[in-house]
Protein chains: 2
Amino acid sequence: MTKIAFVARGSEGEEAQWLGVLRSALPEVSLLPCRDLDEASRHEIEVAIVANPDPAELRALPRLKWIHSLWAGVERLMAELDGSVPVVRLVDPELSRSMGEAVLAWTLYLQRDMPAYADQQRRKLWTQRPYRAPSECRLAILGTGEMGQAAAARLMAAGFPVTGWNRTPKGADFPVHSGPVGLSRVLEASDIVVCLLPLTAETRGLIDAKALSQMPHGASLINFARGPIVVAADLIDALDRGHLTHAVLDVFDQEPLPEASPLWSHPRITVLPHISATTNVHTAAAIVAGNIRRFLDTGDLPKTVDQTRGY
Amino acid sequence: MTKIAFVARGSEGEEAQWLGVLRSALPEVSLLPCRDLDEASRHEIEVAIVANPDPAELRALPRLKWIHSLWAGVERLMAELDGSVPVVRLVDPELSRSMGEAVLAWTLYLQRDMPAYADQQRRKLWTQRPYRAPSECRLAILGTGEMGQAAAARLMAAGFPVTGWNRTPKGADFPVHSGPVGLSRVLEASDIVVCLLPLTAETRGLIDAKALSQMPHGASLINFARGPIVVAADLIDALDRGHLTHAVLDVFDQEPLPEASPLWSHPRITVLPHISATTNVHTAAAIVAGNIRRFLDTGDLPKTVDQTRGY
């Protein structure tokens, strides 16, 4: 029986759940936590399934050919491995579906003024705020990959005009710009900016004071991608000055968000604990199983992460 | 030039806005606020356009044939006029669209656990709550008229299973029950109940302790219809006992909601100031103008409110 290694850092409960579901999805292989492998077994391992792995455990697998991440965002893994082994990241339509749903949910949260109405309720204030129809609320999607396209489709179906920005101007059924000039154009003409970019050398700090100042007065930001893409201090400044209305943040430079962070208690920031799109273990396991089965049958690797691009 | 009366109670700004937009939409008639009518003009008036009118002003129009309300909910007007003159209520696809949008927005607010995450943020608590997919979250729409059908369409497109309840089991592309037994069946099998019923003698107090107890443990309620349909004290009790998780209330027995109301500060209640579906003066004026023009051309009244049913 082919042996596959499982390398995860997390709670024991999570590991047990993943092992159970993955073993059901891949009954023809022997899936073993790294710590249970003896020296001989370690030399047999060609594929590892990983979730936030300790790189030392991976380096102890001398014949490792590739790694399947259970996560969609792999920037830390890529940095830690530094090109030593090909990485396949999770691309799950269910993950894109739930991300699209989250983008729509928190876009409606902003368009329908829910933060302001919550504040009014605390002050027992009965005031009807002006209604802004979706057609009057321009959305920008930064990052038009699988998730960005799923989000755009949801938003357009709800009546929001959508413009995208992407490293390459990918074919899509909405206008997509690229490059620094394209980014300025998109930011200048958007009432809500949704960040779904991968974290790479190029996107780190991309949403800084300059980018935020290009957004129209009163605009809002949703970051469902990675914390370091947005410069938190610059965002707080733009909110404090009243240039931006609100920010919904699901991702942070450090997670869990430290208790001392000023983001927790900022009245114009909604803090979420990285829940915009949660991995569905069942659909994820089916996709991972399919990729591994194809490799075992044919020797073909699934599409791997580009070391230069970083995703 | 045919004279039409305009009878409204509200701010002067609102009245001026309505008069301006209605006059543009009906340039062939002379639209006059009731107070500007002399005795002779009062005897010419056959049609009045009203928004929350003083019934005394309407009784001063001896030849009044019918009234067009700018509102969709006309229970107070019907009670005050008591059958003395036919009433046409506003049925505006744009109003149904924005109500459908509101139902989807606050359904996602509940499904995505936004009230609980807001509470966690206040306590600086980083906890990922279990994700419940729309397919696992059963929606009930009470009242499957224009607005209910628009809401159901949005919810089904977002993946929520929808069941309806209506006075008559109207044809719809989702199951619709009726009668008291039907109501119990719908309530027992719903995780979120959305009330869009008209306020009538039959629906007043319909959602009482018994109805709330039929909802599953952990269910939530959205009332976007009229306050008195839900017995507020029974709702508070169901929330306090933990039987229900949350309620989103946009309508109240008395509006504006009095400062002394316990609803304002209840941790499991979201209070909105009657903003779920706001009238769009432009689309509403076009519909009212079309109805009045047809009457002036042909003598045909639009569909009027049934005095017995009350809507």
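Keep in mind that this is a model prediction, so the values were computed, not measured.

Trainee: I'd like a rundown of the relation of the copies chain A and chain B, residues and numbers included.
Mentor: After a rotation of 180° and a shift along the axis of 0.0 Å, chain A superposes on chain B with an RMSD of 0.0 Å. This pairing of chains is accounted for by a two-fold axis. Considering only C-alpha atoms, the residue of chain A closest to the rotation axis is Ala 105 of chain A, which sits at 3.2 Å. Mapped onto chain B, 100% of the interface residues of chain A are again interface residues, and the two copies thus contact each other with one and the same surface.

Trainee: So what's going on with the environment of Leu 244 of chain B? Residues and values would help.
Mentor: Residues and elements named next belong to chain B. Inspection of the secondary structure assignment puts Leu 244 in strand S11 (residues 244-249). Looking at Leu 244, the relative accessible area reads 0%, which means it is buried. As for Leu 244 and Met 215, which are separated by 29 residues in sequence, their C-alpha atoms are 8.0 Å apart. Aside from chain neighbours lying at most four places away, what touches Leu 244 is Leu 212, Met 215, Pro 216, Ala 219, Leu 235, Ala 238, Leu 239 and Arg 268.

Trainee: An account of the interface of chain A and chain B is needed here, citing residue identities and associated values.
Mentor: Taken together, the contact pairs 44 residues of chain A with 44 residues of chain B. On inspection of chain A and its partner chain B, the count reaches two salt bridges. Close ionic contact of Glu 101 of chain B with Arg 112 of chain A constitutes a salt bridge, the shortest N to O distance being 3.0 Å. For the pair chain A and chain B, the number of links is 24 residue pairs in polar contact (both at pLDDT 80 or more).

Trainee: Before we move on, could you go through the sheet that holds strand S10 (residues 219-223) of chain A and cite the residues and values that matter?
Mentor: Residue and element names in this part refer to chain A. The strand order across the open sheet formed by seven strands is S8-S7-S6-S9-S10-S11-S12, and the pairing between neighbours is parallel. Each edge of the sheet is formed by a strand with only one pairing partner; in this case those strands are strand S8 (176-177) and strand S12 (269-271). Here strand S7 (residues 162-165) runs beside S8; their pairing, made up of two bridges, is parallel. Looking at S8, one finds that Trp 165 is bridged to His 177.

Trainee: Let's hear about the environment of Ala 260 of chain A: which residues, and what values?
Mentor: All names here are of chain A. Looking at the secondary structure, you find Ala 260 in the loop between strand S11 (244-249) and S12. We classify Ala 260 as exposed; its relative accessible area is 74%. When the C-alpha positions of Ala 260 and Gly 20 are compared, they lie 38 Å apart, and in sequence the two are 240 residues distant.

Trainee: Outline the nonpolar core, listing residues and values.
Mentor: Counting residues in hydrophobic clusters, the biggest one holds 113 residues, and the most contacted among them are Trp 106 and Phe 224 of chain A together with Ile 49, Trp 106 and Phe 224 of chain B. Leaving out residues up to four positions away in the same chain, Phe 224 of chain A has contacts with Met 99, Ala 102, Val 103, Trp 106, Cys 195, Leu 196, Val 248, Asp 250, Val 251, Leu 272 and Ser 276 of chain A.

Trainee: How would you sum up the packing of aromatic side chains? Please name residues and give values.
Mentor: Under the definition given, this model contains six aromatic pairs over all chains. Between Trp 126 of chain A and Phe 252 of chain B, the ring centres sit 5.7 Å apart and the planes meet at 70°, which makes this aromatic pair edge-to-face. Placement of the pair is Trp 126 of chain A in the loop between helix H6 (114-122) and strand S6 (139-142) and Phe 252 of chain B in the loop between S11 and strand S12 (269-271), with the two residues belonging to separate chains. For Phe 252 of chain B, a relative accessible area of 6% corresponds to the buried category.

Definitions and limits used
- Residues numbered from 1 in each chain as written.
- Chains lettered and ligands numbered in written order.
- Predicted model: local features only at pLDDT ≥ 70, side-chain atom pairs only at ≥ 80, totals over all residues.
- Heavy atoms only, no water.
- Least-squares fit on C-alpha atoms with pLDDT ≥ 70 in both.
- Contact = heavy atoms within 4.5 Å.
- Helix = DSSP H or I, 4+ residues; strand = E, 2+ residues; numbered from the N terminus.
- Buried < 20%, exposed > 50% of the residue type's maximum accessible area, 1.4 Å probe, protein only.
- Salt bridge = Lys/Arg side-chain N within 4 Å of Asp/Glu carboxyl O.
- Polar contact = N/O pair within 3.5 Å; in protein donor to acceptor, adjacent residues only side chain to side chain.
- Pairing = 2+ DSSP bridges.
- Core = buried A, V, L, I, M, F, W, Y, C linked by side-chain atoms within 4.5 Å.
- Phe/Tyr/Trp six-rings, centres within 6.5 Å; stacked < 30°, edge-to-face > 60°.

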